[in-house]
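# Remarks on the overall topology
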Amino acid sequence: MEVTAQSVWNNCLSFIKDNIQPQAYKTWFEPITAVKLTDNALSIQVPSKFFYEWLEEHYVKILKVALNKELGERAKLVYVIKMENTYGNKQPFTERIPSSNRGAVKSQNVDIPLKNKNPELKNPFVIPGIRNVKIESQLNPNYSFDNFLEGDSNRLARNAGLAVANKPGGTSFNPLLIFGGVGLGKTHLAHAIGIDIKDKYPEKTVLYISAEKFTQQYIDSVKKNNRNDFIHFYQIIDVLIIDDVQFLSGKSGTQDVFFHIFNHLHQNGKQVILTSDKAPVDMQDIEQRLLSRFKWGLSAELQSPDFETRVSILKNKLYRDGVEMPDDIIEYVAKHIKINVRELEGAIISLIAQSSFNKKEITISLAKEIVEKFVKNTKREVSIDYIQKVVSDYFQMDVSTLQSKTRKRHIVQARQLAMFFAKKFTKASLASIGSQIGKRDHATVLHACKTVDNLSSTDKQFRKYVEDISKKLAL
Ligand code: ADP
Ligand code: MG
């Protein structure tokens, strides 16, 4: 078989694919094309300089291994950086219906003029009557890149954000979709990008808006019969940041209008930045055509920060607030509050407040008290259904088996454990627990709880069951 740039690269790809995360593969390797092969040098084309830098920093080892396997020890890799900012010249793929035909077109989807013919700009942010054509960015200066600490959990998203800020509309990250759970820094990062762009390109119009507010403005514009003004306003933005797009789910009118605004901006080389609490694949009640647009650029996830990052976030916060705190206390808080940054900050703020209001010294025991409150309040209440599911999974049986009338010993034990944990982890009464776990009465549940207590102090194997399941239930 003939060895071509393509065939060499394909072999490299299949090796790389097996060795890295699917999301990373999709982001960093799928967009690459092999362009040339000369002797021992393979040239690959990457979409931007940032892309090349990222590959060099994170994937150079695996690239080397893969290429050595194909072309031997003397293999070389050459990057070709594709001309950036090609978006501006892209041929629009939607057509504007000439105005003479408009009357014949029923669908409002196509009835969106792409240019603002009305010179007076109606700005939905402005209270009617007060003229103000300057568009305020609505950015919070505290949410800067400087204050957004980098860690493994956010490296991709943060760096992609920086790349976008350096060249808004000019990278392949358009749109840039930042997604992740609550309190992980989506809003902060979205603002940071906007602030940085404003710094570097003061002439650009940057606008931050929550999807909720956007929806409200749209509804208002329909009520006031100036839907087109609303659309025109958004079409002149250079960098549009929409926070929490999951809010658009189920709102087809707003999705429709956003779809058209998005297309217009994208075709004109404008940057769109979105945040969401879910990955595009998990978004529900969002139209397919919009979802597919979301996937055009880069979806970058924010994950829960690791311990080191939590410590540096706390230290940075304390430093900015001018508060000193012993390292062991900072580490205690960082060790116990793991799920999100908002809670981490909340705990440290109450710690500072407690100590200054009550003139208490900040000690480990005060930290412990406060952390416990935080952890307890945020611990989600487990349901009896969930307990039954966890217990039956643990014993590899169906929930229906666990609930059945059988007297087989291992099934009886599983059922008793489910009852025991339901009593321990929920506020449900014995009667209610019994009725939900196989329609038993309250006496059976009481008996189950006693049996589990007894067995776990006499039977080592049984105690292990209790411990294992406890761990699975304690989130
Ligand atoms: P989300 O929008 O994802 O719910 P936010 O952006 O509101 O989260 O972040 C919650 C809080 O955590 C904010 O006060 C933010 O400044 C802070 N935060 C999140 N990530 C970081 C980080 N990497 N460095 C510093 N502060 C952070
Ligand atoms: Mg947010």
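In the block above lies the structure referred to throughout.
I will try to describe carefully the structure that is included in this document. (Residues numbered from 1 in each chain as written. Chains lettered and ligands numbered in written order. Predicted model: local features only at pLDDT ≥ 70, side-chain atom pairs only at ≥ 80, totals over all residues. Heavy atoms only, no water.)

## Here we look at the overall build of the chain
Scanning the chain from N- to C-terminus turns up 20 helices and eight strands. Put simply, the chain has 475 residues, and 47% of those count as buried. Taking the intrachain contacts of the chain between residues at least 6 apart in sequence as the baseline, contacts between residues at least 24 apart amount to 73%. Surface exposure of the chain reaches about 25,500 Å², of which carbon and sulfur atoms provide 51%. (Helix = DSSP H or I, 4+ residues; strand = E, 2+ residues; numbered from the N terminus. Buried < 20%, exposed > 50% of the residue type's maximum accessible area, 1.4 Å probe, protein only. Contact = heavy atoms within 4.5 Å. Areas by Shrake-Rupley, 256 points an atom, 1.4 Å probe, with all protein chains shown as cover.)

## A short note on the pattern of salt bridges
A full pass over the atoms with the stated rule returns 13 salt bridges. Residue Asp468 is joined to Lys464 by a salt bridge in which the shortest nitrogen-to-oxygen separation is 2.8 Å. Of this pair, Asp468 and Lys464 both sit in helix H20 (residues 460-473), four residues apart, roughly one helical turn. Each of Glu150, Asp152, Arg155 and Arg158 takes part in salt bridges that share partners, so that together they form one network. (Salt bridge = Lys/Arg side-chain N within 4 Å of Asp/Glu carboxyl O.)

## Let's talk about the sheet that holds strand E6 (residues 239-243)
In spatial order, the strands read E5-E6-E7-E4-E8; together these five strands make up an open sheet with parallel pairing. Among the strands making up the open sheet, the edge pair consists of strand E5 (206-210) and strand E8 (298-301). The mean inter-strand angle of the sheet, taken between neighbouring strand axes irrespective of direction, is 15°. Pairing geometry for E6 and strand E7 (residues 271-276), over four bridges, is parallel. Residue Leu240 lies in a different strand from E7, and its bridge partner there is Val272. Contacting strand E4 (176-179), E7 and E8, helix H5 (residues 155-166) crosses the sheet at an angle of about 140° to E8. (Pairing = 2+ DSSP bridges. Axes fitted to C-alpha atoms, helices over the stretch in contact; angles between N-to-C directions.)

## Quick notes on the site of ligand 1
Around ligand 1, 17 residues are found, and the nearest of them are Gly183, Lys186, Thr187, His188 and Glu345. One nitrogen or oxygen atom from the side chain of Asn154 is found 3.4 Å from a nitrogen atom belonging to ligand 1. Note that an oxygen atom of ligand 1 is positioned 3.0 Å from one of the backbone N or O atoms of Gly185. Across the complex, the protein chains shield 92% of the 560 Å² of accessible surface that ligand 1 would expose by itself. Using a 2 Å cut-off from the grid points, one finds that ligand 1 occupies the second largest pocket. Only helix H6 (186-200) and helix H13 (341-357) provide two or more residues apiece to the shell around ligand 1. Residue composition of the shell around ligand 1, grouped by class: seven nonpolar, seven polar and three charged. The two domains that each donate at least three residues to the shell around ligand 1 are domain 2 (155-302) and domain 3 (307-377). (Near = heavy atom within 4 Å. Polar contact = N/O pair within 3.5 Å; in protein donor to acceptor, adjacent residues only side chain to side chain. 1 Å grid on protein atoms, 1.4 Å probe; cavity = no way out; pocket = protein on both sides within 12 Å on 5 of 7 lines; lining within 4 Å. Sits in = over half its atoms within 2 Å of the grid points. Nonpolar A, V, L, I, M, F, W, Y, C, P; charged D, E, K, R; others polar. Domains from an automatic or database assignment.)

## Regarding the packing of aromatic side chains
Counted according to the given criterion, the structure contains 19 aromatic pairs. Relative to Phe421, the ring of Phe420 lies with its centre 5.1 Å away and its plane at 75°, an arrangement referred to as edge-to-face. You can call Phe420 buried: its relative accessible area is 12%. Cluster of aromatic residues (ring-pair linked, three or more members): Phe214, Tyr218, Phe230, Phe233, Tyr234, Phe258, Phe262, Phe294 and Trp296. (Phe/Tyr/Trp six-rings, centres within 6.5 Å; stacked < 30°, edge-to-face > 60°.)

## Things to note about a nonpolar patch on the surface
There is a patch of nonpolar side chains on the surface, built from Val35, Val78 and Val80 and spanning about 190 Å² of accessible area. Topologically, Val78 is positioned in strand E3 (residues 76-81). Residue class for Val78 comes out partly exposed when judged on its relative accessible area of 33%. (Patch = residues over 30% accessible without salt bridge, like charges linked within 9 Å, V, L, I, M, F, W, Y side chains within 5 Å.)

## Topic: the sheet that holds strand E1 (residues 33-38)
Reading across from one edge, E1-E2-E3 is the order of the three strands in this open sheet, with mixed pairing throughout. The open sheet has two free edges, formed respectively by E1 and E3, since each of these has just one partner strand. Each adjacent strand pair in this sheet contributes to an overall mean axis angle of 25°, direction not counted. Looking at chain direction, strand E2 (residues 41-46) and E3 are connected through six bridges and run parallel. Along E3, the bridge assignment pairs Leu42 with Leu77. Where helix H1 (residues 5-19) meets the sheet, its contacts fall on E1 and E2, and the angle it forms with E1 comes to roughly 120°. With respect to the sheet, helix H4 (residues 60-71) is in contact with E1, E2 and E3, its orientation differing from that of E3 by roughly 120°.

## Description of the layout of surface pockets
Of the volumes computed, that of the second largest pocket is approximately 570 Å³. Around the second largest pocket sit 27 residues that line it, and Tyr143, Gly185, His188, Val341 and Glu345 are the ones nearest its centre. Those elements that provide at least two residues to the lining of the second largest pocket are H6, helix H11 (307-321) and H13. With four residues, H11 is the single largest residue contributor to the lining of the second largest pocket. Among the residues forming the lining of the second largest pocket, the class breakdown is nine nonpolar, eleven polar and seven charged. Counting only domains with at least three residues in the lining of the second largest pocket, you end up with domain 2 (155-302) and domain 3 (307-377). (Points joined across faces, edges and corners; volume = space filled by probe spheres on them.)

## Brief notes about the nonpolar core
Within the largest apolar cluster, 55 residues are counted, with the highest numbers of intra-cluster contacts made by Trp9, Trp28, Phe29, Tyr59, Phe173 and Ile193. Formed jointly, this core draws a minimum of three residues from each of two domains, domain 1 (5-102) and domain 2 (155-302). For Trp9, the contacting residues outside a window of four places in its chain are Phe29, Ile32, Ala34, Leu42, Ile44 and Leu63. (Core = buried A, V, L, I, M, F, W, Y, C linked by side-chain atoms within 4.5 Å.)

## Quick notes on helix H3 (residues 49-58)
Phe50, Phe51, Trp54 and Leu55 are the residues of H3 that are buried. In a view along the axis of H3, the buried residues occupy a sector of 135°, so they form one face of it. (Arc of directions from axis to C-beta.)

## Quick notes on the side chain of Asp238
Residue position: Asp238 is located in the loop between helix H8 (227-235) and E6. Side-chain polar atoms of Asp238 contact the backbone nitrogen of Thr205, separated by 2.8 Å. Excluding residues within four positions of it along the chain, Asp238 makes contact with Glu203, Lys204, Thr205, Lys270 and Gln271.

## Remarks on the packing of helix H17 (residues 409-425) against helix H19 (residues 442-458)
Axis separation between H17 and H19 bottoms out at 8 Å; the angle between their running directions is 100°. One way to sum up the angle between H17 and H19 is to call them roughly perpendicular. Here Gln413, Gln416, Leu417, Met419, Phe420 and Lys423 of H17 lie close against H19, whose contacting residues are Thr444, Val445, His447, Ala448, Cys449, Thr451, Val452, Asp453 and Leu455. Residues of the contact of H17 with H19, tallied by class, amount to eight nonpolar, five polar and two charged. (Parallel < 35°, antiparallel > 145°, perpendicular 65-115°, else oblique.)

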